[in-house]
Amino acid sequence: MGSLLTTGQMLDNLEVGQIAERVFEPSGVCSDAYTRAKFDDDGDLMFYVKHWKDWSRESLTESVIRSKWIINTDTL
């Protein structure tokens with residue numbers, strides 16, 4: 001695991017095959033369902049939505065943008 005990154009830093013450093021884990025601050029915001037991020041094989045940003053238990057292409061919300069991330073350097 002690496003150091004804490006802003007969302008912009010995470011997007012700049014995340015590579016296909018890696019997963020970024022979101023570091024949560026208590027907020028009660030619905031978008032907190034987004035717990036992980038990755039790029040798919042087409043380079044599209046995907047979020048793991050814990051309520052759906054699946055990956056989905058979702059928009060960046062203000063809550064997600066203000067989040068901190070850790071990139072798991074182990075590849076998928």
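It should be emphasised that the depicted structure is a prediction, and the values quoted were computed from it without experimental measurement.

The rules behind the values
Residues numbered from 1 in each chain as written. Predicted model: local features only at pLDDT ≥ 70, side-chain atom pairs only at ≥ 80, totals over all residues. Heavy atoms only, no water. Phe/Tyr/Trp six-rings, centres within 6.5 Å; stacked < 30°, edge-to-face > 60°. Lys NZ or Arg CZ within 6 Å of the ring centre and 35° of its normal. Helix = DSSP H or I, 4+ residues; strand = E, 2+ residues; numbered from the N terminus. Contact = heavy atoms within 4.5 Å. Polar contact = N/O pair within 3.5 Å; in protein donor to acceptor, adjacent residues only side chain to side chain.

Q: Is there a simple way to explain the packing of aromatic side chains in this structure?
A: Geometrically, a pair of aromatic rings is defined through the distance of the ring centres and the angle of the planes. As enumerated under the stated definition, the model contains three aromatic pairs in all. With 5.5 Å between their ring centres and 70° between their planes, Tyr48 and Trp55 make a pair best called edge-to-face. Every member of this aromatic cluster is reached through a ring pair, and the members are Tyr34, Phe47 and Trp69. Cation over ring: Lys38 sits above Trp55, and NZ or CZ is 4.5 Å from the ring centre.

Q: Teacher, can you tell me more about the environment of Thr7 here?
A: Within the element layout of this structure, Thr7 appears in helix H1 (residues 7-13). Ignoring any residue separated from it by four or fewer positions in sequence, one finds Thr7 in contact with Leu60, Val64, Ile65, Arg66, Ser67 and Trp69. Of note is the side chain of Thr7, whose polar atom sits 2.7 Å from the backbone oxygen of Val64. A distance of 3.0 Å separates a polar side-chain atom of Thr7 from the backbone oxygen of Ile65.

Note that all results are geometric; they support no functional claim without further evidence.
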